[in-house]
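Listed here are the chains, written in short residue letters.
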Amino acid sequence: MMAPEIQASSNTDDALEEVDTICTDHRSLANAIRALSMDAVQAANSGHPGLPMGAADIATVLFTKFIKLDPKEPNWPDRDRFVLSAGHGSMLLYSCLHLLGYEDMTIDELKNVRQFGSRTAGHPEYGHASGIETTTGPLGQGLANSVGMAIAERWLAARYGDGIVDHYTYVLASDGDLMEGISHEAISLAGHLKLSKLIVLFDDNQISIDGPLNLTESGDQIMRFKAAGWNVSRIDGHDPDAIASAIADAKEAVGPSLLACRTKIGYGAPHKQGTSSAHGSPLGTEEIAATRKNLGWNSEPFEIPARIRDAWRLGGLKSAQARRAWQQRLEALDADTRAEFERCTRGDLPSAMGKAIEAYKQDLAENPPTMATRKSSQKALEVINAVVPETIAGSADLTGSNNTNTADTLAITPDDFSGRFIHYGIREHGMAGAMNGMALHGGLIPYSGTFLVFADYCRPSIRLAALMKQRVIHVMTHDSIGLGEDGPTHQPVEHLASLRAIPNLNVFRPADATETAECWQLALESKHRPSILALTRQDLKPVRLEFTENNQCARGAYEISGSQDDAVVSIFATGSEVEIALEAKAILDQSGKPARVVSVPSFELFREQTEDYRQSIIGSAPVKVAIEAAIRLGWDEIIGSDGLFVGMSSFGASAPYEELYQHFGITAQAAAEAALGRL
């Protein structure tokens, strides 16, 4: 029997009745996932069959009866989100997407899992195929992403109403997800914010790679989540009625829900189910044959009986009417509200932003301020947040230090999501993961703050934002020994270099208020790239004293002070050290050695310029000096291996910052003397 056309299944209840008419055997639907998963992993001779086979019953109930989606319109803004936080079980997701009828998840893609150029990577990768909502694999990240998605849903619902935004975020998480430290931060934040449309299905199979879970874990996850304010229940993960009842109850509960589903890893494999040997390697031809017999699955590899495929396809069509009704509600909105919703969903910036930044830069040129770039950032955000209503601010308990709040960013609370500021608490990693989820959800632009030294706590999520090409903006203040008395535990030394090493990540270090405004503009305009703004605690003198309409920072590096004569010294600097570079130039000029200064707010953008531009900025001066209160790593691509570097080669110390700059030799006099010595 072939699947009816979509028109015949436009009503959810009718569609589900047709599923039951075609195939009333839940087990057959679930076994389709098991068969595809074990066959694909065997074909690749690599992968993880255990989780997809064990969680197949959970996924079958969830996708055929509950999740609101439309494979024909996979990017429908009001679809439910499904996050496979246990990304190693990728064949579960790939199998479901194929069975539901996602056009780009063909049977050939399943046959080529883990092969170069396929959509079916070893772990789900965002952008490779429709229905993959986030890149997972590093455990715990998907769980944190889901918190951000649920935050985004609730915030957008507060803004546009439940008629336009009303969907759930479902997560399948493993024991490993819940062991990772990020999970603690994510679940406590979700519980605090009472994210009722977040439902986590815990694949409680009690197995990890090394063996039984009791080798490493004796905690009670149910009590842990309950203590964090979650609704909790424990069910048989192979009982479809129990699964359906628990999900239905969770959808009506106040606050997020955890459903601990007791399963057997590798379910159906007679010799490997319930053991770690089913986790991360192919079952083998003999075990697959035995599994087929055990499950009563008689089809050849990658063949799905028509009645089972038809039932799955109808499950994929069950929300088509809901999507069309949503489209009608969207079209019924007033023109301005609809245009705003669609603009934000596309991720486009309002046209007013460019003009607002330009006007602000003119004001800065007329009234150049002396202030820390963290304060300059707040001033720029006052301008930006007034004209970009989709920015969502936050801080990891450092609001007064990061200066990420503005007049337009009232606090979001558990009972009121009309604000635009999230107090993340001391949860840097969870914050970064949630911001990724917010960006992936779409409709808003997340930014938040912490100290640059705590980029180490955020790094895994920053890396994934870069991999997924998501616009997530991290304000990281106290960016050097310039923070002073807090000492070396808080003074970043290696952090700029380590962040610059991440592909597709902007690392901005502006030198004054004008550069800070320009870097903010670039971060917001980088639609497919995350950004770091490394900002000072200490006040800085203005170095850009004339208005320029063009964004000078957009080219990554530019000459901020030239020489009338041929320069014999080129000085390159970032952030707080540009001021020092200009003072060093003055010393050299007075010594009869003409010098020029280049500000380098972004290594990444400078690297992307034409070779002619790069060479014109690097110049031909015989002596090249770089000044940065950080380690040298990365600077040789600009100054060469024989260039002079004035910066850090050790950890910092606790003292007023002026003393520290003197002690570590990061001064204009030291830079000038080094250049004169080389000349």
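Residues numbered from 1 in each chain as written. Predicted model: local features only at pLDDT ≥ 70, side-chain atom pairs only at ≥ 80, totals over all residues. Heavy atoms only, no water.

What follows is about the pairing of strand E6 (residues 231-236). The pairing of E6 with strand E7 (residues 257-262) spans 6 bridges and is classified as parallel. Bridged to Arg 234 within E7 is Ala 260. This β-α-β element, E6 to helix H11 (residues 240-252) to E7, shows right-handed connectivity. (Pairing = 2+ DSSP bridges. Helix = DSSP H or I, 4+ residues; strand = E, 2+ residues; numbered from the N terminus. Right-handed = clockwise from strand over helix to strand, strands pointing away.)

Our next topic: the pattern of salt bridges. Tallied over the entire structure, the rule returns 29 salt bridges. Taking the shortest distance from any N to any O, the salt bridge between Arg 343 and Glu 390 comes out at 2.7 Å. Of the two residues, Arg 343 sits in helix H15 (residues 335-346) while Glu 390 sits in the loop between helix H17 (373-387) and strand E8 (391-395), which places them 47 residues apart along the sequence. With its nearest N and O atoms 2.7 Å apart, the salt bridge here joins Lys 361 to Glu 518. In this pair, Lys 361 is assigned in helix H16 (residues 352-366) and Glu 518 in helix H22 (residues 513-525), connecting sequence segments 157 residues apart. (Salt bridge = Lys/Arg side-chain N within 4 Å of Asp/Glu carboxyl O.)

The next thing to look at is the sheet that holds E7. The 5 strands are arranged E1-E2-E3-E7-E6 in an open sheet whose pairing can be described as parallel. Lying at the two open borders of the sheet, with one neighbouring strand each, are strand E1 (81-84) and E6. Ignoring which end each strand starts from, the neighbouring axes of this sheet average 15 degrees apart. Relative to the sheet, H11 contacts strand E2 (169-173), strand E3 (198-204), E6 and E7, its axis offset from that of E6 by approximately 170 degrees. (Axes fitted to C-alpha atoms, helices over the stretch in contact; angles between N-to-C directions. Contact = heavy atoms within 4.5 Å.)

When pLDDT is averaged across the protein chain, the result is 96; 96% of the residues are at 70 or more. Predicted confidence is poor over residues 1-23, with pLDDT under 50, and the contacts of this stretch with residues over four places away or in other chains come to 42 contacts. (pLDDT = per-residue confidence, 0-100.)

There is a patch of like negative charges on the surface, built from Glu 485, Asp 486, Glu 658 and Glu 659. Within the element layout of this structure, Glu 658 appears in helix H27 (residues 657-663). (Patch = residues over 30% accessible without salt bridge, like charges linked within 9 Å, V, L, I, M, F, W, Y side chains within 5 Å. Areas by Shrake-Rupley, 256 points an atom, 1.4 Å probe, with all protein chains shown as cover. Lys, Arg positive; Asp, Glu negative; His and termini not counted. Charge placed at Lys NZ, Arg CZ, Asp CG, Glu CD.)

Here we come to the nonpolar core. One finds Trp 520, Ile 627, Trp 635, Ile 638 and Ile 666 to be the most contacted residues of the largest nonpolar core, which totals 72 residues. With 7 residues, H22 is the largest single contributor of residues to this core. If we skip the residues at most four places from it in the chain, Ile 666 touches Ile 481, Glu 577, Ile 580, Ile 627, Ala 629, Val 646, Gly 647, Met 648 and Tyr 661. One finds Leu 29, Leu 36, Leu 92 and Leu 172 within the second-largest nonpolar core, a separate group that totals 58 residues. (Core = buried A, V, L, I, M, F, W, Y, C linked by side-chain atoms within 4.5 Å. Buried < 20%, exposed > 50% of the residue type's maximum accessible area, 1.4 Å probe, protein only.)

With that out of the way, let us pick up the pairing of strand E17 (residues 623-628). Within E17, 6 of the 6 residues are buried, which leaves the element mostly enclosed by the surrounding structure. The two faces of E17 match: Val 623, Val 625 and Ile 627 on one face and Lys 624, Ala 626 and Glu 628 on the other face are all buried. Note that strand E15 (residues 569-573) and E17 share 5 bridges and pair parallel. Residue pairing for E17: Ser 570 is matched across the bridge by Lys 624. Bridge count between E17 and strand E18 (residues 644-647): 4 bridges; the pairing is parallel. Its bridge partner being in E18, Ile 627 is matched across the sheet by Val 646.

Take unusual backbone geometry next. Excluding glycine, most residues fall at negative phi; most peptide bonds, likewise, are trans. With a phi angle near 60 degrees, Gln 206 is a residue other than glycine that sits in the positive phi range. Mapped onto the elements of the fold, Gln 206 is located in the loop between E3 and strand E4 (207-208). Despite not being glycine, Asn 403 shows a phi value in the positive range, around 60 degrees. On the secondary structure map, Asn 403 appears in the loop between helix H18 (399-402) and strand E9 (421-423). Asn 403 sits in the buried class, given a relative accessible area of 10%.

We now examine the environment of Pro 282. Here Pro 282 shows up in the loop between E7 and helix H12 (285-295). Looking at Pro 282, the relative accessible area reads 18%, which means it is buried. When residues no more than four places from it in sequence are discounted, the contact partners of Pro 282 are Val 41, Gln 42, Asn 45, Ser 46, Gly 47 and Lys 272.

Time to look at the sheet that holds strand E10 (residues 445-451). Taken in spatial order, the 6 strands of this open sheet run E9-E8-E10-E11-E13-E12, and their pairing is parallel. Edge positions in the sheet fall to E9 and strand E12 (506-508), since each of these pairs with one other strand and no more. The average angle at which neighbouring strand axes cross in this sheet is 20 degrees, direction not considered. In this structure, E8 lies alongside E9, joined through 3 bridges in parallel fashion. What sits directly across from Gly 394, in E9, is Ile 422. In the packing of helix H19 (residues 428-441) onto the sheet, contacts are made with E8, E9, E10 and strand E11 (473-477), and the angle to E10 comes to roughly 165 degrees.

Moving on, we come to H12. Those residues of H12 lying buried are Glu 287, Ile 288, Thr 291, Arg 292 and Leu 295. Relative to the axis of H12, the buried residues are bounded by an arc of 145 degrees and lie together on one face. Of the exposed residues in H12, those oriented more than 90 degrees away from the buried face are Thr 285, Glu 286 and Lys 293. Looking at the buried residues of H12, the elements they touch are helix H2 (26-44) and helix H3 (50-54). Taken from the residues just after H12, Gly 296 is the one with a positive phi, measuring 70 degrees. (Arc of directions from axis to C-beta.)

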